[in-house]
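Spelled out, the chains give:
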Amino acid sequence: FASTGGCSLALSDRMVVMGTFSRQEIIEAFEHYQGAAFQAGPRQDWSSWSDCFTEDAVYVEHLYGRFEGRAAIHEWIQSTMTIWPNSAFTSFPIEWYVVDEQRGWVICQVWNRLEDPGDGSIHQEYNITVLHYAGNGKWSYEEDVYNPAKFGEVVGAWIALRKELAANKEAN
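Residues numbered from 1 in each chain as written. Predicted model: local features only at pLDDT ≥ 70, side-chain atom pairs only at ≥ 80, totals over all residues. Heavy atoms only, no water.

Undergrad: Quick one: what's the story with the overall build of the chain, residue by residue and with numbers?
TA: What the chain contains, in helices and strands, is four helices and ten strands. Of the regular secondary structure in the chain, the N- to C-terminal order runs β-β-β-α-α-β-β-α-β-β-β-β-β-α. By the burial criterion, 41% of the 172 residues in the chain qualify as buried. Here the contacts in the chain between residues at least 6 apart in sequence split such that 51% fall between residues at least 24 apart. (Helix = DSSP H or I, 4+ residues; strand = E, 2+ residues; numbered from the N terminus. Buried < 20%, exposed > 50% of the residue type's maximum accessible area, 1.4 Å probe, protein only. Contact = heavy atoms within 4.5 Å.)

Undergrad: Which residues make up helix H1 (residues 23-43), and what are the values?
TA: Its 21 residues give H1 an end-to-end C-alpha distance of 30 Å, which sits within 8% of 30 Å, the value for a rise of 1.5 Å per residue. Among the residues of H1, those classed as buried are Ile26, Ile27, Ala29, Phe30, Tyr33, Ala36, Ala37, Ala40 and Gly41. Directly beyond the C-terminal end of H1, a positive phi value near 60 degrees is found at glutamine 44. (Expected span 1.5 Å × (residues − 1).)

Undergrad: Hey, could you go over the nonpolar core for me, with residue numbers and the actual values?
TA: The biggest cluster of nonpolar side chains holds 36 residues, and the ones touching the most others in it are Tyr33, Trp49, Phe53 and Trp139. Those elements that provide at least two residues to this core are H1, strand S4 (53-61), helix H3 (70-80), strand S8 (105-114), strand S9 (124-135) and helix H4 (148-171). Excluding residues that lie within four positions of it along the chain, tyrosine 33 makes contacts with Trp49, Cys52, Phe53, Thr129, Leu131, Trp139 and Glu142. (Core = buried A, V, L, I, M, F, W, Y, C linked by side-chain atoms within 4.5 Å.)

Now the structure itself:
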């Protein structure tokens, strides 16, 4: 990070004026973002969620890569989250979040929760998300940090349980 006169912060190739947005505005945008994800997962339509980003937003996803622009973000999320088993991640509750008003950032822990395998159990893994607010209800940057191996373990256990439950149902 490079300080320029104490009033802005350089973020890679972007400049953000510090303290530009109120805490309330940032929180309202974050609540809208969460609501869009809440609807997108079960509907398998990520358009509203993608619309939470600016036209020139950057999304850094450590397994899938870097996506530049709202259209690229939408294309990636729509194609990735509608293919099984990713399509079974239908809920994304927030465990905690922190708002940095000075930077216009939200940092949060997101649970990526798989649909009920049939016995009411919860199968989920978390990621840490960093969002940069750009104003007008839009985000200019998102980065998700997580351990892909942990996700693989959770998905594998969830698939095994679904198969076991299906076998038990057939046997009865």
